[in-house]
Amino acid sequence: MLFSNNHNNNNAVIKCNLNHNICNESCLQVATNVTEQKHNVTREIRGRNLGLCRGFRGCTVWLTGLSGAGKTTIAFELEAYLVSRGIPAYGLDGDNIRTGLNKNLGFTPPDREENIRRVGEVAKLFADSGVVAICSFVSPFTYDRKMARKIHEDSDLKFYEIFVNTPLSVCESRDVKGLYKKAREGAIEGFTGITQEYEEPTDPELIVSTDGFTVKESTQSVIDLLETEGIIPKTLKDVGRLPELFVKPEHKDALIHEAKSLLSLSITTVDVQWVQILAEGWAYPLKGFMREEEYLQTLHFNSILSHDGASRHNQSIPIVLPLSNEAKERLADQSSLALTYNNKLVAILRKPEFYHHRKEERVCRQFGTNHPDHPYIKMILESGDYLVGGNLEVLERIQWQDGLDEYRLTPNELRKKFREMNADAVFAFQLRNPIHNGHALLMQDTKRQLLERGFEKPVLLLHPLGGWTKDDDVPLPIRMAQHQAVLDSGVLKREDTVLAIFPSPMMYAGPTEVQWHAKARMNAGANFYIVGRDPAGMPHPNKQMYHDGNLYDGTHGSRVLKLAQGLDNLEILPFRVAAYDRSLACMAFFEPKRKENFEFISGTKMRTLAKTGSNPPIGFMEPKAWQILAEYYKSVVQN
């Protein structure tokens with residue numbers, strides 16, 4: 001809870017005729033006919049059930065320092081940081097306290113002491129409920145601060161005194177409300193730092209400086225303290241570099257030598273793509289193919305517990321390694337396995353765990369159907385009857401030697417790239433299809449919105465999916481050439497766009513898969529995500545099943561993302577449908593009132609135009625980009 005001391009004019013305070021006793025160190029108990037009542041709900045129960053971040057985290061952070069030192073600014077920043085991580089924190093400004101709970105108190109020494117005592121008691125109640133109470137008070141006297149600390153210690157609650165040590169001259173230069181000026185003129189009596197002494201803390205938990213530091217830098221000192229104390233568990237935002245699963249170069253030869261003595265399991269191209277995903281950190285915090293407990297959490301909760309059990313990471317799709325009955329029998333008693341692809345060592349799987357591949361359960365939960373004509377379901381049904389999980393040690397970076405490896409930037413490389421570009425916002429756009437001007441309009445409009453919100457350098461992560469796709473999708477090399485043509489034309493600006501390949505296979509699993517796409521981009525440093533209509537969807541294999549012929553409702557992907565657990569570091573951006581506006585001869589945002597002016601040009605229509613040598617309407621797609629696409633479709637017809 002956040003309180004800020006505000007030095008109001010004493011004449012404006014309505015004094016009540018109350019006897020304010022000065023408390024001794026144990027605080028005098030006046031009422032004697034009271035008995036403390038114990039709660040049925042323990043702190044452990046609160047910690048398990050309240051907030052997104054499990055565990056009891058109640059405490060009080062007490063910021064003390066001169067008026068204008070920066071206490072309240074730090075407190076508000078800290079409150080926002082905690083809440084964004086699912087940790088309950090509450091803030092109240094000092095004016096609210098002075099006009100509510102403490103409106104009968106002035107600024108005499110007894111009133112100041114009672115003010116701190118009451119705030120200390122209220123903070124204790126918040127802390128006891130599991131909330132991080134953030135109190136921002138001048139609290140100039142050592143005695144008062146010790147009293148607030150003792151209130152917490154007597155209840156076995158943590159109390160952190162933070163001294164915001166800003167020089168008086170700096171505080172006075174920040175005199176936004178003109179209080180120092182009034183104090184110098186004698187209009188305010190007993191103003192701390194001018195006519196009243198401030199007793200600096202002698203043994204605070206932390207000393208913070210705001211002179212010459214940004215708000216985030218000063219707040220980070222408090223965050224670091226709370227992390228050290230275990231109040232804040234580390235999350236993705238706090239990870240400077242994602243752990244990768246590649247073996248260290250100096251250990252590579254030893255790994256190759258060890259692999260020669262191990263039994264091996266030959267894996268498929270799609271399996272290797274999942275090894276790449278795991279090794280590069282897209283699926284962090286997974287350390288390898290899922291063991292059964294991780295698999296069950298994914299199927300039933302679309303998330304997995306963090307290593308400390310304090311929070312849940314979004315993980316909506318299982319990343320598993322199937323194998324046959326025969327392979328399972330051959331490998332069941334091994335402590336490590338060599339994974340090979342085309343007879344070449346890829347990785348070693350440590351402490352393998354084998355479990356049944358209940359395919360119907362998996363596909364029904366992941367896809368909402370078990371129709372055998374769904375392309376990825378077909379792959380699953382044809383795969384082995386067992387799954388094997390375990391930690392991976394990957395020999396080296398996966399290279400596909402297709403002329404596109406330079407675009408396969410890892411999450412850590414993308415993060416580094418964004419830092420080099422001085423990006424203060426990264427918005428990701430997931431696509432597996434060619435870019436038309438409607439897509440470009442959406443990305444341009446997103447940049448506009450972010451600039452209007454105050455961001456100075458928003459950067460677009462243009463991130464086509466580069467793993468396995470169904471046979472009738474446009475191949476990756478064609479899509480990449482088409483995307484380059486869009487950038488060459490200036491429709492999207494190269495100076496604020498990063499074109500890279502997302503190496504995941506495509507599963508066509510609708511709202512379930514959309515969460516995976518978002519989570520992976522969050523791992524790569526994106527903090528905004530554009531989601532379109534029917535992302536990761538496809539027509540239902542049985543076209544007669546639903547009225548629209550689609551497997552998933554087109555709006556469910558974006559709606560699920562806004563509710564999904566474990567994506568708290570990512571803001572889902574609203575999507576506006578674009579279509580071809582005949583009246584303007586360009587792509588524009590669809591307006592229902594003028595629906596007769598709009599034409600929706602589907603992928604099927606694009607293919608038909610290209611195969612017949614026709615062109616789409618002017619303004620639908622960048623001409624050079626269309627030419628690349630049209631030539632591809634013509635080649636498909638000829639073959």
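What you see as residue numbers is a count from 1 along each chain, following the sequence as written. A pLDDT threshold of at least 70 governs which residues receive local features in this predicted model, and a stricter bar of 80 or more applies before side-chain atom pairs are shown or counted, although totals over entire chains, interfaces and linings include all residues. Think of the side-chain values as coming from all heavy atoms in the structure, minus any hydrogens and water.

**Here we look at the overall build of the chain**
Of regular secondary structure, the chain possesses 21 helices and 21 strands. Its C-alpha atoms give the chain principal-axis dimensions of roughly 95 × 70 × 50 Å. Burial classes: relative accessible area under 20% of the type maximum marks a residue as buried, over 50% as exposed, and values in between as partly exposed (1.4 Å probe, protein chains only). The buried share of the chain, taken over its 639 residues, is 53%. Long-range contacts, defined as pairs at least 24 residues apart, comprise 74% of the intrachain contacts of the chain with a sequence gap of at least 6. Surface accessibility in these figures is a Shrake-Rupley result with a 1.4 Å probe; residues are shielded only by whichever protein chains are displayed. As displayed, the chain offers around 30,200 Å² of accessible surface, 50% of which is attributable to carbon and sulfur atoms. Counted as positive: Lys and Arg. Counted as negative: Asp and Glu, with His and the chain ends omitted from the count. To locate a charge, the coordinates of NZ of Lys, CZ of Arg, CG of Asp or CD of Glu are taken. Mean positive and mean negative side-chain charge positions of the chain (76 and 80 charges, respectively) differ by 4 Å. Strands here are runs of E lasting at least two residues and helices are runs of H or I lasting at least four, both read from the DSSP assignment and numbered beginning at the N terminus. When checking whether two residues touch, look at their non-hydrogen atoms; a contact exists if any pair is within 4.5 Å.

**Some words on the UniProt feature "domain: Sulphate adenylyltransferase catalytic" (unreviewed entry) in the chain**
UniProt marks residues 406–632 with the feature "domain: Sulphate adenylyltransferase catalytic" (unreviewed entry), using the numbering shown here. Annotation note: span residues 406–632, helix share 36%, strand share 15%, distance between end C-alpha atoms 23 Å. UniProt positions are given in the numbering used here, feature names are shortened, and annotations may be inferred rather than shown by experiment.

**Structural notes on the packing of aromatic side chains**
Under the pairing criterion, centres of Phe, Tyr and Trp rings, with the six-membered ring standing for Trp, must be within 6.5 Å; the plane angle then separates stacked pairs below 30 degrees from edge-to-face pairs above 60, leaving the rest tilted. Tallied over the entire structure, the rule returns 16 aromatic pairs. Considering the side-chain rings of Tyr295 and Tyr355, the 5.6 Å spacing of their centres and the 50° angle between planes classify their relative orientation as tilted. Of this pair, Tyr295 sits in helix α11 (residues 292–301) while Tyr355 sits in strand β12 (residues 344–356), placing them 60 residues apart in sequence. Accessibility assignment for this pair places Tyr295 and Tyr355 in one class, buried. Through a chain of ring-to-ring contacts, three or more aromatic side chains come together here, namely Trp274, Trp282, Phe502 and Trp516.

**Considerations on unusual backbone geometry**
Residue Pro285 is bonded to the preceding Tyr284 through a cis peptide linkage, with omega at 15°. As for its placement among the helices and strands, Pro285 is situated in the loop between α10 (269–280) and β7 (288–289). A positive phi angle, close to 55°, is found at Asn302, a residue other than glycine. Position of Asn302 among the secondary structure elements: in the loop between α11 and β8 (303–305). For Asn302, a relative accessible area of 21% corresponds to the partly exposed category. Phi is positive for Asn422, which is not a glycine, with a value near 60°. Within the secondary structure, Asn422 sits in the loop between α15 (411–420) and β14 (425–431). On the basis of relative accessibility, which here comes to 60%, the residue Asn422 falls in the exposed class.

**Concerning helix α17 (residues 476–489)**
Here α17 contains 14 residues, and its C-alpha end-to-end distance of 20 Å stays within 8% of the 20 Å for a straight helix at 1.5 Å per residue. Every buried residue of α17 is listed here: Leu476, Arg479, Met480, Gln482, His483, Gln484, Ala485, Val486 and Leu487. Looking one or two places after α17, you find Gly490, whose phi comes out positive at around 90°. Expected helix span is taken as 1.5 Å per residue step, with the number of steps being one fewer than the number of residues.

**Notes on the sheet that holds strand β4 (residues 158–164)**
At least two bridges found by DSSP between two strands are what make those strands a pair. On the basis of which strands lie adjacent, the open sheet formed by five strands has the order β2-β3-β1-β4-β5 and parallel pairing. Looking along the sheet, the strands with just one partner apiece sit at the ends: β2 (89–90) and β5 (206–208). With five bridges joining them, strand β1 (residues 59–64) and strand β3 (residues 132–136) adopt parallel strand pairing. Residue pairing across strands places Cys59 opposite Val132, the latter belonging to β3. Axis definition: a line fitted to C-alpha atoms, over the contacting stretch in the case of helices. Angles run 0 to 180 degrees between N-to-C directions. With respect to the sheet, helix α4 (residues 109–128) is in contact with β1, β2 and β3, its orientation differing from that of β1 by roughly 145°.

**Examining the sheet that holds strand β19 (residues 578–581)**
Reading across from one edge, β20-β19-β21 is the order of the three strands in this open sheet, with antiparallel pairing throughout. Of all strands in the sheet, those with a lone pairing partner are β20 (586–589) and β21 (598–599), marking the two edges. Bridge analysis of β19 against β20 gives four bridges, and the strand direction is antiparallel. When the bridges of β20 are listed, Ala578 appears paired with Phe589.

**Structural notes on the pattern of salt bridges**
Each reported salt bridge corresponds to a side-chain nitrogen of Lys or Arg within 4 Å of a carboxyl oxygen of Asp or Glu. Under the definition given, this model contains 35 salt bridges. With its nearest N and O atoms 2.8 Å apart, the salt bridge here joins Asp405 to Arg408. Connected via shared salt-bridge partners are Arg145, Arg149, Glu161 and Glu205.

**A word on the nonpolar core**
The biggest cluster of nonpolar side chains holds 76 residues, and the ones touching the most others in it are Trp274, Phe289, Ile319, Phe367, Leu392 and Trp516. Looking at this core, the element that brings in the most residues is α10, giving seven residues. Counting 39 residues, the second largest nonpolar core, distinct from the first, contains Leu460, Val486, Ala610 and Ala630. For our purposes a nonpolar core is just a set of buried Ala, Val, Leu, Ile, Met, Phe, Trp, Tyr and Cys residues, chained together by side-chain atoms within 4.5 Å.

**Some details on the side chain of Arg362**
Tracing the backbone shows Arg362 in helix α13 (residues 359–367). Buried and without a salt bridge, Arg362 has Asp271 as its closest oppositely charged side chain, separated by 8.2 Å. The residues contacting Arg362, other than those within four sequence positions of it, are Tyr295, Leu299, Pro318, Val320, His357, Tyr376 and Ile380.

**Re the packing of α13 against helix α14 (residues 375–382)**
Axes are the key here: two packed helices are described by the angle between their axes and the distance separating the axes. At a minimum axis distance of 10 Å, the contact between α13 and α14 shows a crossing angle of 160°. By the angle between their directions, the pair α13 and α14 is classed as roughly antiparallel. For the pair α13 and α14, the sense of crossing is right-handed. Residues Lys359, Arg362, Val363 and Phe367 of α13 pack against Tyr376, Ile377, Ile380 and Leu381 of α14. Residue polarity is assigned by list, with Asp, Glu, Lys and Arg as charged and Ala, Val, Leu, Ile, Met, Phe, Trp, Tyr, Cys and Pro as nonpolar; anything else, Gly included, falls into the polar class. A class-by-class count of the residues in the contact of α13 with α14 yields six nonpolar, no polar and two charged. Every angle not falling under 35 degrees, over 145, or within 65 to 115 is termed oblique; those three ranges are roughly parallel, roughly antiparallel and roughly perpendicular. Should the near helix be turned anticlockwise from the far one by less than a right angle, the crossing is left-handed, and should it be turned clockwise, the crossing is right-handed.

**So, a nonpolar patch on the surface**
Every patch collects residues that have over 30% relative accessible area and no salt bridge, joining them within 9 Å if they carry like charges and within 5 Å if they are nonpolar side chains (Val, Leu, Ile, Met, Phe, Trp, Tyr). Among the surface-exposed residues, Phe575, Val577 and Phe600 lie close enough to one another that they form a single nonpolar patch of about 250 Å² accessible area. Here Phe575 shows up in the loop between β18 (571–573) and β19.

**Description of the packing of α4 against helix α5 (residues 142–153)**
At a minimum axis separation of 9 Å, α4 and α5 run at an interaxial angle of 25°. Relative to α5, the element α4 is oriented roughly parallel. When you trace α4 past α5, the crossing you get is right-handed. Across the interface between the two elements, Arg112, Glu113, Ile116, Arg117, Gly120, Glu121, Ala123 and Lys124 of α4 pack against Tyr143, Asp144, Met147, Ala148, Ile151 and His152 of α5. In the contact of α4 with α5, the residues fall into six nonpolar, two polar and six charged.

**With respect to the side chain of Ser558**
As for its position among the elements, Ser558 is in helix α19 (residues 556–563). You can call Ser558 buried: its relative accessible area is 19%. In protein, a polar contact requires one atom able to donate a hydrogen and another able to accept it; more generally it is a pair of N or O atoms within 3.5 Å, and residues adjacent in sequence count only if both atoms are side-chain atoms. Here Thr555 takes part through its backbone oxygen, which lies 3.2 Å from a polar atom of the side chain of Ser558.

**Some words on the pairing of β3**
Counting buried positions along β3 gives five out of five residues, so the element sits mostly inside the fold. Burial of the side chains of β3 extends over both faces: Val132, Ile134 and Ser136 are buried on one face and Ala133 and Cys135 on the other. Here β2 runs beside β3; their pairing, made up of two bridges, is parallel. In the sheet register, Tyr90 faces β3, and the bridge partner there is Ala133.

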